[in-house]
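Analysis of the macromolecular model
Chain by chain, the residues:
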Amino acid sequence: MTITFVGHGYVGLVTATVFADFGNKVYVIGHTKEKIDNLNRGIIPIYEPGLSELVKKNVDAKRLIFTLDYNPSISESDVVFIAVGTPTTKTGDADLSIVLGVAEKIGQNLKGYTVVATKSTVPAGTNKKVQRILDESKPQGTEVDYASIPEFLREGSAISDTTNPDRIVIGIDCKRAQDLLIKLHEPIKAPLVLTNFETAELIKYASNAFLALKISYANAIAKLSESLGADALKVLEGVGADKRIGNKFLSPGPGYGGSCFPKDVRALISIAKDNDYPFSLLEEVENINHQSRRDIVRKARKTLGDLRNKKIGILGLAFKANTDDMRDAPAIDIINLLQNDGAKISAFDPKSMDTAAAVLKGVDYKKDAYEAVRDADLVIVLTEWNEFRELDFSKIKGLMKSTNIIDGRNLYDPEQMKANGFNYMGIGR
Ligand code: UGA
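Residues numbered from 1 in each chain as written. Predicted model: local features only at pLDDT ≥ 70, side-chain atom pairs only at ≥ 80, totals over all residues. Heavy atoms only, no water.

Right, let's get into the site of the ligand. As a matter of local geometry, the ligand sits amid 19 residues, with Phe152, Leu153, Glu155, Lys204 and Asn208 nearest to it. Separating an oxygen atom of the ligand from a backbone N or O atom of Glu155 is a distance of 2.7 Å. Summarising the interface, the protein chains cover 91% of the accessible area of the ligand, which totals 720 Å² for the free molecule. Those elements that provide at least two residues to the shell around the ligand are helix H9 (197–228) and helix H11 (261–274). At three residues, the largest contribution of residues to the shell around the ligand is made by H9. When residues of the shell around the ligand are sorted by domain, at least three fall in each of domain 1 (2–195) and domain 2 (210–425). (Near = heavy atom within 4 Å. Polar contact = N/O pair within 3.5 Å; in protein donor to acceptor, adjacent residues only side chain to side chain. Areas by Shrake-Rupley, 256 points an atom, 1.4 Å probe, with all protein chains shown as cover. Helix = DSSP H or I, 4+ residues; strand = E, 2+ residues; numbered from the N terminus. Domains from an automatic or database assignment.)

Set out below in structure tokens:
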């Protein structure tokens, strides 16, 4: 098939590349010439394991074409995916202006029969707005059907999440479009959830909010474990062993971040409010998340007292491992709070130093973990990079001024760290 993706963020770029790799001809529309030129040379704007090679392979095979133009990409396509951003407005809603603007341009360039599917995370009811715009803008004699196909890939494991998802959700109301979309997704072996538009749209928010809820629950249990002298990791292992609960997304830490959970939890609270349902459960999920970030700072204050001129080494800045993404990373709030208290921050992250430097000022960025901890009064681990699991702690002990460590991701064994002479503080143990 010939397909087009409008948008080359995580979702657009990864899904487009995977569909090209399945043998389809795939256009990807962007709006910045420099980015499009780079993409056509196989240079991608994000760090995602394996993606650069896969993009290059499919660009070289001429199956993956990046373009600024809606023509001939849209007119040639059997299926067009809208995969642009839905940032948060000041009131917490999802900003749909980009989605709706793109829908109009797609509509104007349609030819023959096309299925247009939204992959962007959009509130229930958006389908009606997109459908109306497509119908109003399409040239006479063209036919368009609409579908809602939310995306569930994670950064850091985006390719395998796309080729091997837990489910494919398709919101659709027409057999012809349904058959075409099922055919397009045939190489992906996953249970198919066929449903109406509103349900598909809500499945996405309800899934992300539930995962965020699990994380806040784990963080609340961690907090309680610290007061009770329990080991939160064991508690949560015991809880997660119950198949009805499951052991995934129960790792306590500095709180969830990234471009999805914070935005989507906020949007679902706002959607609920608009529908006269105060979703106070999710408000508490947010509160606990903010508290989890502040708790790391509270531990630093408790350990060092006055933070003025204390040197704190930060290991890990990205919102999670295997990405260079700093969007809503806990490190931003935590470092800002520490700096407000007068602490001097040095930091190292294997991939996100450039993205971090754009949002975090006054930080002394170092070339490796050992440089970041040199002369530190305290070290705080904020991202669970594998290379931090294998650090040489006898070397670190020699480099630090005082051997205080807050392990924000529970990477290390508390007993061993204490035996090595560290004042070790984990999350929930
Ligand atoms: C999330 C969802 O997992 C994807 O299914 C979804 O497609 C995506 O949002 C989206 O809506 O586009 P992502 O934001 O890439 O994916 O990252 P996650 O792996 O879900 O992690 C989110 C945050 O939760 C990170 O800050 C991570 O450190 C934190 N987390 C995760 C925890 O603190 N504890 C856990 O046990 C798991």
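Further notes follow.
Attention now goes to the packing of aromatic side chains. Scanning the model with the defined rule gives 11 aromatic pairs in all. With centroids separated by 4.6 Å and ring planes inclined at 20°, the aromatic side chains of Phe5 and Phe81 adopt a geometry described as stacked. Taken together, the positions of Phe5 in strand S1 (residues 2–6) and Phe81 in strand S4 (residues 79–82) put the pair 76 residues apart, joining distant regions of the chain. Since its relative accessible area comes to 0%, Phe5 is described here as buried. (Phe/Tyr/Trp six-rings, centres within 6.5 Å; stacked < 30°, edge-to-face > 60°. Buried < 20%, exposed > 50% of the residue type's maximum accessible area, 1.4 Å probe, protein only.)

This next bit is on the nonpolar core. Side chains that are nonpolar tend, in soluble globular proteins, to be buried together. Ile314, Leu317, Leu338, Phe388 and Tyr412 are the most contacted members of the largest nonpolar core, which has 54 residues in total. In terms of residue count, helix H13 (residues 330–340) provides more of this core than any other element does, five residues in total. With sequence-adjacent residues up to four places away left out, Leu338 is seen in contact with Val297, Ala300, Leu307, Ile312, Ile314, Ala343, Ile345 and Ile380. Judged by nonpolar contacts, the second largest core, of 40 residues, contains Leu13, Leu39, Ile46 and Ala83. (Core = buried A, V, L, I, M, F, W, Y, C linked by side-chain atoms within 4.5 Å. Contact = heavy atoms within 4.5 Å.)

This next bit is on the pattern of salt bridges. Pairing between side chains of opposite charge can happen when their charged atoms approach one another. All chains considered together, the criterion is met by 30 salt bridges. Between Asp364 and Lys366 there is a salt bridge, with the nearest N and O atoms lying 3.1 Å from each other. Of the residues examined, Asp364 reaches a relative accessible area of 39% and is grouped as partly exposed. (Salt bridge = Lys/Arg side-chain N within 4 Å of Asp/Glu carboxyl O.)

This brings us to helix H1 (residues 10–21). For H1, which comprises 12 residues, the first-to-last C-alpha distance of 16 Å matches the rise-based estimate of 16 Å (1.5 Å per residue) to within 8%. Within H1, burial applies to Tyr10, Gly12, Leu13, Val14, Thr15, Ala16, Thr17, Val18, Phe19 and Ala20. Note on H1: the residue one or two positions beyond its end, Gly23, has a positive phi of about 110°. (Expected span 1.5 Å × (residues − 1).)

Here the focus is H13. Along H13, the residues classified as buried are Pro330, Ala331, Ile332, Ile334, Ile335 and Leu338. As for H13, its buried residues are in contact with helix H12 (280–304), strand S9 (311–315), strand S10 (344–348), helix H14 (353–359) and strand S12 (378–381). Looking one or two places after H13, you find Gly342, whose phi comes out positive at around 95°.

Time to look at the packing of helix H6 (residues 126–137) against H9. Running from amino to carboxyl end, H6 crosses H9 at an angle of 125°, the nearest separation of the two axes being 9 Å. On the basis of the axis angle, H6 is oblique to H9. For the pair H6 and H9, contact is made by Thr126, Asn127, Lys128 and Gln131 and by Phe197, Glu198 and Glu201, respectively. (Axes fitted to C-alpha atoms, helices over the stretch in contact; angles between N-to-C directions. Parallel < 35°, antiparallel > 145°, perpendicular 65-115°, else oblique.)

For the rest of this paragraph, the subject is unusual backbone geometry. In the segment running from Asn71 into Pro72, the intervening peptide bond is cis, with an omega of 10°. Within the secondary structure, Pro72 is located in the loop between strand S3 (64–67) and helix H4 (73–76). Backbone geometry places Asp328, a non-glycine residue, at a positive phi of 50°. Take Asp328: it is sitting in the loop between S9 and H13. Overall, Asp328 belongs to the partly exposed group, its relative accessible area being 31%. Look at Asp375: it is not a glycine, yet its phi comes out positive at around 65°. Inspection of the secondary structure puts Asp375 in the loop between helix H15 (369–373) and S12. On the basis of relative accessibility, which here comes to 46%, the residue Asp375 falls in the partly exposed class.

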